[in-house]
Amino acid sequence: MQTDRPKWRSPECLLMLMASAVPLSFATWFALINNFAVEAAGFNGAQFGMLQSIREIPGFMAFAVIFLLILMREQPLAVVSLLVLGIGTAMTGFFSGVIGLYCVTALMSVGFHYYETLQNSLSLQWIDKARTPHVLGKLIAVGSFTSLLAFALIYLCLTLLGLSYQTVFAAGGALTCAIAAFAWLAYPHFPSRQAQHKHLVLRKRYWLYYLLTFLSGARRQIFVVFAGFLMVEKFHYSAASLTLLFLVNCAINIWLAPRIGKLIGHWGERRALLLEYAGLVVIFTSYALVQSAMAAALLYILDHLFFALAIAIKSYFQKIADPADIASTAGVAFTINHIAAVILPALLGVVWLSSPPAVFMCGAALAAASLVLSYLVPNRPAAGNEVRFRRPFPAVHGT
């Protein structure tokens with residue numbers, strides 16, 4: 001790669017710029033959708049669960065990104081995905097009917113999930129293995145900082161300016177589109193260090209990574225879909241109050257995420273994953289029993305703090321992977337991550353109607369399964385040393 005360009009035009013800075021664009025749309029959508037769905041669209045728990053399942057369908061189809069790479073390189077495709085995310089978000093406030101909201105949510109989600117898939121791939125290709133956890137932590141911190149600004153502006157818009165949902169959705173989406181346009185025009189193409197496969201890749205020796213990814217996606221969906229909905233339906237949080245809670249989470253992550261990245265680099269992936277899943281078992285069980293609005297808010301903050309530890313799954317894969325597999329496996333992993341995400345929100349939305357605690361106990365069970373599997377992650381993962389307690393796979397193609 002060139003060394004004579006300004007530092008701000010480096011691959012790492014481009015990743016950070018694009019990471020800052022996502023929350024302007026997604027934080028806006030995430031902060032408003034619970035109240036918008038209930039107040040403007042009149043959704044019940046089952047309809048909201050269906051909305052979230054539809055939102056996850058593009059994530060389930062993320063493997064298709066590998067076929068788009070035949071037509072377009074990863075970097076420009078990531079920018080196009082940001083544009084789609086911004087456009088979908090900007091349109092959301094103008095669709096309060098059930099079908100309309102389902103459709104515009106799917107459009108927004110295509111941009112979000114395809115961008116996330118490509119960002120994961122580009123990060124693992126452009127960043128040295130020794131720096132990956134720290135840089136991924138910095139990307140989370142950048143996203144959290146932008147989310148903090150977005151949530152603060154949303155709070156002001158709702159409480160002081162009295163702006164409509166339509167205006168706030170449109171503003172968030174437009175800002176994402178503006179940053180995507182700048183990323184397209186201002187940055188050169190950065191080549192990959194290793195030519196990537198343009199076909200789907202599934203390897204037996206990645207089985208633990210696949211399974212951890214699947215359980216992580218299932219568990220996270222329960223939090224993303226139902227934790228916020230619990231705050232609105234049971235404890236009657238307003239959109240402004242929920243946004244204030246998001247602000248607290250983002251402020252903590254700005255400071256904490258880079259340090260968690262460094263901690264993973266020092267501790268290793270195995271210990272980080274064990275800590276994450278042990279904590280999540282306790283948190284999800286507490287969600288099932290909580291009766292206080294303040295206690296629920298505290299659980300929400302604690303749950304969010306554990307998100308950054310998921311960096312360990314990505315750095316574990318980078319250490320065991322064939323470099324040419326990264327782009328293809330990023331798409332496959334996103335699909336695996338969203339298999340349960342497509343099914344669970346709608347299914348558990350029906351369960352929610354009769355027993356909200358049962359939904360969170362399901363999350364606790366998934367976290368417990370992840371905890372057990374984390375014991376199989378080696379202390380020093382590498383190609384040929386993917387799983388503890390068994391003879392290593394040979395690090396060759398086709399395995």
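Cut-off values and rules
- Residues numbered from 1 in each chain as written.
- Predicted model: local features only at pLDDT ≥ 70, side-chain atom pairs only at ≥ 80, totals over all residues.
- Heavy atoms only, no water.
- Helix = DSSP H or I, 4+ residues; strand = E, 2+ residues; numbered from the N terminus.
- Rg over C-alpha atoms; globule rule 2.2 N^0.38 Å.
- Phe/Tyr/Trp six-rings, centres within 6.5 Å; stacked < 30°, edge-to-face > 60°.
- Buried < 20%, exposed > 50% of the residue type's maximum accessible area, 1.4 Å probe, protein only.
- Lys NZ or Arg CZ within 6 Å of the ring centre and 35° of its normal.
- Bend = angle between axes of the 7 residues up to and from the residue.

**Structural notes on the overall build of the protein chain**
- Helices and strands together make up the secondary structure of the protein chain, namely 14 helices and zero strands.
- The secondary structure elements of the protein chain, listed N-terminal to C-terminal, are α-α-α-α-α-α-α-α-α-α-α-α-α-α.
- Expected size for 399 residues packed as a compact globule is a radius of gyration near 21 Å; at 20 Å, the protein chain falls within 12% of this value.
- Along the first, second and third principal axes, the C-alpha set of the protein chain runs to 55 × 50 × 35 Å.

**Here's the deal with the packing of aromatic side chains**
- Throughout the structure, instances matching the rule amount to 16 aromatic pairs.
- Between the aromatic rings of Phe226 and Trp352, the centroid separation amounts to 5.3 Å while the plane-to-plane angle is 20°, which identifies the pairing as stacked. A residue pair is termed long-range when its members are at least 10 positions apart, and Phe226 in helix H8 (residues 207–233) and Trp352 in helix H13 (residues 326–354) qualify at 126 residues.
- Their ring planes at 75° and their centres at 5.9 Å tell us that Trp352 and Phe360 sit as a pair that is edge-to-face.
- Judged by relative accessible area, which is 2%, Trp352 ranks as buried.
- Among the residues examined, Phe360 registers a relative accessible area of 1% and is labelled buried.
- Each residue in the set Phe226, Phe229, Phe284, Tyr287, Trp352 and Phe360 is aromatic and connected to the rest through ring pairs, giving one cluster.
- Lying over the aromatic face of Trp267, Arg271 brings its terminal NZ or CZ to 4.7 Å of the ring centre.

**As for helix H9 (residues 239–267)**
- The sharpest bend along H9 comes to roughly 40°, located at Ile254, with the proline Pro258 sitting one to four residues further on.
- Trailing H9 by a residue or two, Gly268 shows a phi angle of about 100°, which is positive.

**Description of the environment of Trp184**
- As for its position among the elements, Trp184 is in helix H7 (residues 165–186).
- For Trp184, a relative accessible area of 48% translates into the label partly exposed.
- As for Trp184 and Leu149, which are separated by 35 residues in sequence, their C-alpha atoms are 23 Å apart.

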